[in-house]
Amino acid sequence: MEAFSTRAFLLIFFPFLASCSLNYEQNKAVESSSPQFTLRTASFFRYEDNKVSFTLDSPRIEQYSSPPVTYVEDAVFSSYSEDGTLEAKGRCDLLGIGRAGNRDNSELSFYGTVVMEQPEEEMMLEGEALRWNRLSGRVASPASSVTTMTKGGLTLEGKGFSAREKGSEFSFASDVSGFIITDDEDEAGKEGK
């Protein structure tokens with residue numbers, strides 16, 4: 001179907017295009033909307049000191065030059081510490097990797113169904129949009145986006161989530177609700193069964 005509509009477009013508009021002179025300055029925007037390259041069924045492994053530090057799997061990756069950004073479809077990723085311990089893992093429908101200045105991968109934007117976990121911290125974030133700035137170490141969601149944070153027995157849900165990558169500081173801007181499961185409630189639940 002797509003090939004048919006492209007052919008029909010070319011047959012109808014080719015005579016007009018052949019008689020026009022092109023202004024290449026105007027066509028820069030068209031060129032920048034096309035990816036520099038596309039990778040399909042990709043798996044990446046980043047190594048530091050001969051140890052895996054990061055993995056990424058995706059059915060499709062596209063890189064653009066203007067603005068400099070890479071989009072990763074259905075991303076599944078894991079990050080490891082220097083001793084090989086799993087630090088974080090997650091998945092999202094779309095991952096945008098932006099570049100600021102001379103630093104690559106300085107800002108990561110997660111869209112769609114987003115799940116991020118830190119197993120050692122017993123922490124999980126779930127939402128529709130999250131942005132992580134690697135330079136500042138901040139993780140945040142838009143003011144209108146609902147994010148659920150689970151840490152140990154604490155589960156909170158709200159809009160406008162913000163946290164530091166390291167440490168226990170976090171906040172919600174509005175519409176916060178949640179619950180805490182204590183050890184006493186866990187034991188009472190087990191005894192009642």
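The preceding data block contains the structure.
A brief look at the structure comes next.

About the thresholds
- Residues numbered from 1 in each chain as written.
- Predicted model: local features only at pLDDT ≥ 70, side-chain atom pairs only at ≥ 80, totals over all residues.
- Heavy atoms only, no water.
- Core = buried A, V, L, I, M, F, W, Y, C linked by side-chain atoms within 4.5 Å.
- Buried < 20%, exposed > 50% of the residue type's maximum accessible area, 1.4 Å probe, protein only.
- Helix = DSSP H or I, 4+ residues; strand = E, 2+ residues; numbered from the N terminus.
- Contact = heavy atoms within 4.5 Å.
- Salt bridge = Lys/Arg side-chain N within 4 Å of Asp/Glu carboxyl O.
- Pairing = 2+ DSSP bridges.
- Patch = residues over 30% accessible without salt bridge, like charges linked within 9 Å, V, L, I, M, F, W, Y side chains within 5 Å.
- Areas by Shrake-Rupley, 256 points an atom, 1.4 Å probe, with all protein chains shown as cover.

**Things to note about the nonpolar core**
So, point 1. In terms of nonpolar packing, the biggest core is built from 23 residues, with Leu95, Phe110, Leu125, Leu130 and Phe161 touching the most fellow members.
So, point 2. Broken down by secondary-structure element, the contributors of at least two residues to this core are strand E2 (51-64), strand E3 (69-80), strand E4 (86-100), strand E5 (103-118) and strand E6 (123-133).
So, point 3. With sequence-adjacent residues up to four places away left out, leucine 125 is seen in contact with Val114, Val115, Met116, Leu130, Val139, Thr147, Thr148, Met149 and Phe161.

**Let's talk about the pattern of salt bridges**
So, point 1. In this structure the tally under the stated criterion is five salt bridges.
So, point 2. Between arginine 60 and glutamate 62 there is a salt bridge whose closest N-O contact spans 2.3 Å.
So, point 3. A relative accessible area of 28% means that arginine 60 is categorised as partly exposed.
So, point 4. The buried category is assigned to glutamate 62, whose relative accessible area is 12%.
So, point 5. Of the charged contacts, one joins arginine 164 and glutamate 169 as a salt bridge, the two residues approaching to 3.9 Å between their closest N and O atoms.

**Structural notes on the pairing of E6**
So, point 1. With five bridges joining them, E6 and strand E8 (residues 146-151) adopt antiparallel strand pairing. When the bridges of E8 are listed, glycine 127 appears paired with threonine 147.
So, point 2. Here E6 runs beside strand E7 (residues 138-140); their pairing, made up of three bridges, is antiparallel. In the strand pairing of E7, tryptophan 132 is matched with valine 139.
So, point 3. Counted between consecutive antiparallel strands, the loop separating E6 from E7 contains four residues, among which glycine 137 sits at a positive phi close to 75°.

**Description of a nonpolar patch on the surface**
So, point 1. A surface patch of nonpolar side chains, amounting to about 240 Å² of accessible area, comprises Phe37, Leu39 and Phe44.
So, point 2. Turning to its location among the elements, phenylalanine 37 is positioned in strand E1 (residues 37-48).
So, point 3. Residue classification places phenylalanine 37 among the partly exposed positions, given a relative accessible area of 37%.

**Topic: unusual backbone geometry**
So, point 1. Phi is positive for threonine 41, close to 50°, though the residue is something other than glycine.
So, point 2. Summarising the element assignment, threonine 41 is placed in strand E1.
So, point 3. Phi angles above zero are rare outside glycine, and aspartate 74 is one such case at about 45°.
So, point 4. Within the secondary structure, aspartate 74 sits in strand E3.
So, point 5. Taking the relative accessible area as the measure of exposure, aspartate 74 reaches 39% and is therefore partly exposed.

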